[in-house]
Amino acid sequence: MGETKTYSGSCHCGKTRFEVTADIQKASSCNCSICGRTGWLMASVPSDAFTLLSGTETQVDYQFGSKTMHHSFCGTCGIRAFGTYAVDGQEKVVVNLRCLDGLDVDALDVQKFDGKSY
Ligand SMILES: [Zn+2]
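Presented here is an overview of the structure given in this document. (Residues numbered from 1 in each chain as written. Predicted model: local features only at pLDDT ≥ 70, side-chain atom pairs only at ≥ 80, totals over all residues. Heavy atoms only, no water.)

## Brief notes about the overall build of the protein
Here is step 1 of the chain: For the protein, the count of helices and strands is 1 helix and 11 strands.
Here is step 2 of the chain: For the protein, the N- to C-terminal ordering of α and β elements is β-β-β-α-β-β-β-β-β-β-β-β.
Here is step 3 of the chain: The C-alpha atoms of the protein give a radius of gyration of 13 Å, which matches the 13 Å a tight globule of 118 residues would have.
Here is step 4 of the chain: Reported as C-alpha extents along the three principal axes, the dimensions of the protein are approximately 35 × 30 × 30 Å.
Here is step 5 of the chain: When burial is assessed residue by residue, the protein has 37% of its 118 residues classed as buried.
Here is step 6 of the chain: Put simply, of all contacts in the protein between residues at least 6 apart along the chain, 57% involve residues at least 24 apart.
Here is step 7 of the chain: Here the protein displays about 7,000 Å² of accessible surface, and carbon together with sulfur accounts for 47% of that area.
Here is step 8 of the chain: Positive and negative side-chain charges in the protein, numbering 11 and 13 respectively, have mean positions lying 9 Å apart. (Helix = DSSP H or I, 4+ residues; strand = E, 2+ residues; numbered from the N terminus. Rg over C-alpha atoms; globule rule 2.2 N^0.38 Å. Buried < 20%, exposed > 50% of the residue type's maximum accessible area, 1.4 Å probe, protein only. Contact = heavy atoms within 4.5 Å. Areas by Shrake-Rupley, 256 points an atom, 1.4 Å probe, with all protein chains shown as cover. Lys, Arg positive; Asp, Glu negative; His and termini not counted. Charge placed at Lys NZ, Arg CZ, Asp CG, Glu CD.)

And the structure:
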């Protein structure tokens, strides 16, 4: 078992800053049309484990397909640091683990997620 930690995260230009508190052992690699292109490694957390510290004004919302998820990205540097969605009335945040400070993504157990089929 790992431990729950609070990680700081940011986009490339630094306008988007956030914190996420989670026990991150696994990452998902998704093959959907957007994740396949951006190549991110993700983890989903409850929205109360995520705090957006800055960047609300520079985040651009993007939706496609079933529009269940908000694929937001920084309007200045284009980095897709997180996205939001709701499932069964619960707000969730999907975090791009590559945007977190002090997390060795190469040490994570990466599981393939078949987002293409959704
Ligand atoms: Zn940025």
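The structure having been displayed, the exposition proceeds.
## A few points about the coordination of the zinc ion
Here is step 1 of the chain: The zinc ion binds to the protein through Cys11 (SG), Cys13 (SG), Cys74 (SG) and Cys77 (SG), with metal-donor distances spanning 2.3 to 2.4 Å.
Here is step 2 of the chain: One can describe the site at the zinc ion as tetrahedral: its 4 donor atoms subtend angles covering 103 to 116° at the metal.
Here is step 3 of the chain: Mapped onto the sequence, the donors of the zinc ion take the spacing C-x1-C-x60-C-x2-C.
Here is step 4 of the chain: A residue is classified by how much of its surface remains accessible, and Cys77, at 25% relative accessible area, is partly exposed. (Donors = N, O, S within 2.8 Å, 3.2 Å for Na, K, Ca; no water. Tetrahedral: all angles 85-135°; square planar, octahedral: opposite > 155°, others 65-115°.)

## With respect to the environment of His12
Here is step 1 of the chain: The residue His12 is located in the loop between strand S1 (5–10) and strand S2 (17–22) in this model.
Here is step 2 of the chain: By relative accessible area, His12 is classed as exposed at 69%.
Here is step 3 of the chain: Along the backbone, His12 and Gln63 are 51 residues apart, and their C-alpha atoms lie at a distance of 21 Å.

## Quick notes on the pairing of strand S9 (residues 82–87)
Here is step 1 of the chain: In this structure, strand S7 (residues 69–70) lies alongside S9, joined through 2 bridges in antiparallel fashion. By the bridge assignment for S9, Met69 is matched with Tyr85.
Here is step 2 of the chain: The sheet contact formed by S9 and strand S10 (residues 90–96) spans 6 bridges and is antiparallel. Looking at the pairing, Thr84 lines up with Val93 of S10. (Pairing = 2+ DSSP bridges.)

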